[in-house]
Amino acid sequence: MIALHEFNHLPHEKAIALIHPCVALPGWADALAQGRPYASREELFSTAKALTQAWGEAALTQALSAHPRIGEKPAGSQGEAALSRQEQAAVNEGDADLARALREGNARYEARFGRVFLIRAKGRSGEDILQALHARLENSDAQEARAALEQLREITLLRLEGVISE
Ligand code: 2AL
């Protein structure tokens, strides 16, 4: 965590390195860093959010590189791996039936939509996620692209909340 006033005064490259793990979209991090200084955390977040509105399917595909499958908590203590593991903390790894159902659901989703199933995992149990996965399998391509992008925006802003404090 770094305070907003410190973030405001970091060299551009350092500011980018700090916010890059929020989402694997260099253009977003660059624009957010360019927008400094921010007068308040509210202003930072409203800019960060506005910048996510420009994302489309290409951004989604690119950003998925930083989001391992649900149920596959990545090893590693750095950047996205550590964040993803924390976000998936409520997915019960000891539940073999749940783990199998998530694996099957992920495989069906990837066969259907051609990319990894993405959901904001923080605050959701494994069962909640499985239910959402099954529901989203019923979406049209366009509905699902919108749903996945919305989740990507939520994950990104939640990660940013963990990076920059008042
Ligand atoms: C993730 C992840 O890494 N963090 C999160 O909230 N969701 N992954 C995913 N496939 O949905």
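Model, not experiment: these values are computed from the prediction.

Draft legend 1. Structural detail: the site of the ligand. Taken together, 14 residues lie near the ligand, and S84, E87, F117, I119 and A121 sit nearest. In this structure, a nitrogen atom belonging to the ligand sits 2.9 Å away from a main-chain N or O atom of P68. Separating a nitrogen atom of the ligand from a backbone N or O atom of I119 is a distance of 2.7 Å. Protein chains shield 100% of the accessible area of the ligand, which is 290 Å² for the free molecule. Within the residue set of the shell around the ligand, elements represented by two or more residues are α6 (79-87) and α9 (141-161). Class assignment for the residues of the shell around the ligand results in 8 nonpolar, 2 polar and 4 charged.

Draft legend 2. How the structure looks around the nonpolar core. Counting 46 residues, the largest nonpolar core has I19, W28, L160 and I164 as the members making the most contacts within it. When residues of this core are traced back to their parent elements, those giving at least two are α1 (4-9), α2 (12-19), α3 (26-34), α4 (41-52), α5 (57-63), α7 (96-113), α8 (126-136) and α9. Residue contributions to this core peak at 6 residues, all from α9. Ignoring any residue separated from it by four or fewer positions in sequence, one finds W28 in contact with I19, C22, V23, A48, L51, T52, W55, T156 and L160.

Draft legend 3. Looking closely at the environment of Q151. Mapping Q151 onto the fold places it in helix α9. For the pair Q151 and L137, spaced 14 residues apart in the sequence, the C-alpha separation amounts to 15 Å. In contact with Q151, not counting residues within four places along its chain, are L118, I119, R120, R124 and R136. A distance of 2.8 Å separates a polar side-chain atom of Q151 from the backbone nitrogen of R120.

Draft legend 4. Broad picture of the pattern of salt bridges. Taken as a whole, this structure holds 9 salt bridges when the rule is applied. Between E154 and R120 there is a salt bridge whose closest N-O contact spans 2.9 Å. Of this pair, E154 sits in helix α9 while R120 sits in the loop between α7 and α8, placing them 34 residues apart in sequence. We classify R120 as buried; its relative accessible area is 18%. Each of R69, E72 and E110 takes part in salt bridges that share partners, so that together they form one network.

What counts and how
- Residues numbered from 1 in each chain as written.
- Predicted model: local features only at pLDDT ≥ 70, side-chain atom pairs only at ≥ 80, totals over all residues.
- Heavy atoms only, no water.
- Near = heavy atom within 4 Å.
- Polar contact = N/O pair within 3.5 Å; in protein donor to acceptor, adjacent residues only side chain to side chain.
- Areas by Shrake-Rupley, 256 points an atom, 1.4 Å probe, with all protein chains shown as cover.
- Helix = DSSP H or I, 4+ residues; strand = E, 2+ residues; numbered from the N terminus.
- Nonpolar A, V, L, I, M, F, W, Y, C, P; charged D, E, K, R; others polar.
- Core = buried A, V, L, I, M, F, W, Y, C linked by side-chain atoms within 4.5 Å.
- Buried < 20%, exposed > 50% of the residue type's maximum accessible area, 1.4 Å probe, protein only.
- Contact = heavy atoms within 4.5 Å.
- Salt bridge = Lys/Arg side-chain N within 4 Å of Asp/Glu carboxyl O.

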